[in-house]
Amino acid sequence: MASRGRELRALGQVLVNDPRSFPAGLLKLIKRSLRTIWDARGGGLYACGFIVTFVYLEIRMFLVEIYEAESVSSYFSSQATEILFKYIGESFQNTISAFMWPVHVIEINPTGGALMLAAMFIIFPKFIKKPLEGWLFRDEDA
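Residues numbered from 1 in each chain as written. Predicted model: local features only at pLDDT ≥ 70, side-chain atom pairs only at ≥ 80, totals over all residues. Heavy atoms only, no water.

This part covers the nonpolar core. Trp-38, Phe-50, Ile-51, Trp-101 and Phe-124 are the most contacted members of the largest nonpolar core, which has 13 residues in total. Within the residue set of this core, elements represented by two or more residues are helix 2 (22-40), helix 3 (45-68), helix 5 (101-108) and helix 6 (110-137). Among the elements that line this core, the one with the most residues is helix 3, at five residues. Excluding anything up to four places from it in sequence, Trp-38 contacts Gly-43, Gly-44, Ala-47, Cys-48, Ile-51, Phe-124, Lys-129, Leu-132, Glu-133, Leu-136 and Phe-137. (Core = buried A, V, L, I, M, F, W, Y, C linked by side-chain atoms within 4.5 Å. Buried < 20%, exposed > 50% of the residue type's maximum accessible area, 1.4 Å probe, protein only. Helix = DSSP H or I, 4+ residues; strand = E, 2+ residues; numbered from the N terminus. Contact = heavy atoms within 4.5 Å.)

So, about the packing of helix 2 against helix 3. Where helix 2 meets helix 3, the axes come as close as 8 Å, and the angle between the chain directions of the two elements is 135 degrees. By the angle class used here, helix 2 and helix 3 are oblique. Considering only the axes of helix 2 and helix 3, their crossing is right-handed. Taken together, the residues of helix 3 that come into contact with helix 2 (itself represented by Leu-34, Ile-37 and Trp-38) are Ala-47, Cys-48, Phe-50 and Ile-51. In terms of residue class, the contact of helix 2 with helix 3 is made up of seven nonpolar, no polar and no charged. (Axes fitted to C-alpha atoms, helices over the stretch in contact; angles between N-to-C directions. Parallel < 35°, antiparallel > 145°, perpendicular 65-115°, else oblique. Left-handed = near helix turned anticlockwise from the far one by under 90°. Nonpolar A, V, L, I, M, F, W, Y, C, P; charged D, E, K, R; others polar.)

For the rest of this paragraph, the subject is helix 6. Taking 1.5 Å per residue as the helical rise, helix 6 with its 28 residues ought to reach 40 Å, whereas the 35 Å between its terminal C-alpha atoms falls clearly short. A maximum bend of about 60 degrees is found in helix 6 at Phe-124, where proline Pro-125 lies one to four positions downstream. Within helix 6, the full set of buried residues consists of Gly-113, Leu-117, Phe-124 and Leu-136. Contacts from the buried residues of helix 6 go to helix 2, helix 3 and helix 5. (Expected span 1.5 Å × (residues − 1). Bend = angle between axes of the 7 residues up to and from the residue.)

Structure, rendered in structure tokens:
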């Protein structure tokens, strides 16, 4: 966690000192985080589903917060006071929900969801995993 904090601080310095290289630095940080999750979840369909679900839930949570804010200043002032409690709590809920992503797929349509999961467990390792790992680990730091 401390190393991620240092990376974020360094990324903030890049944003201030060299804004043009910020997008590349941000992408590198995101890919490194995704690689960590990928490795921790086994690097298969489950890991991919977890990542997609978690990112979707986090983006949805962020957009709901912006939509519900009365103004830009109220959004930032409320976030400053609530970030430690509300955001961390909701992110924890999103993590638990992302762990259960196959259940959510089946909840949408039990028969179709189960068939889709079965098909993805066959299709993913043959056609999707190798290109995805190629992109994810292309510029891996030593």
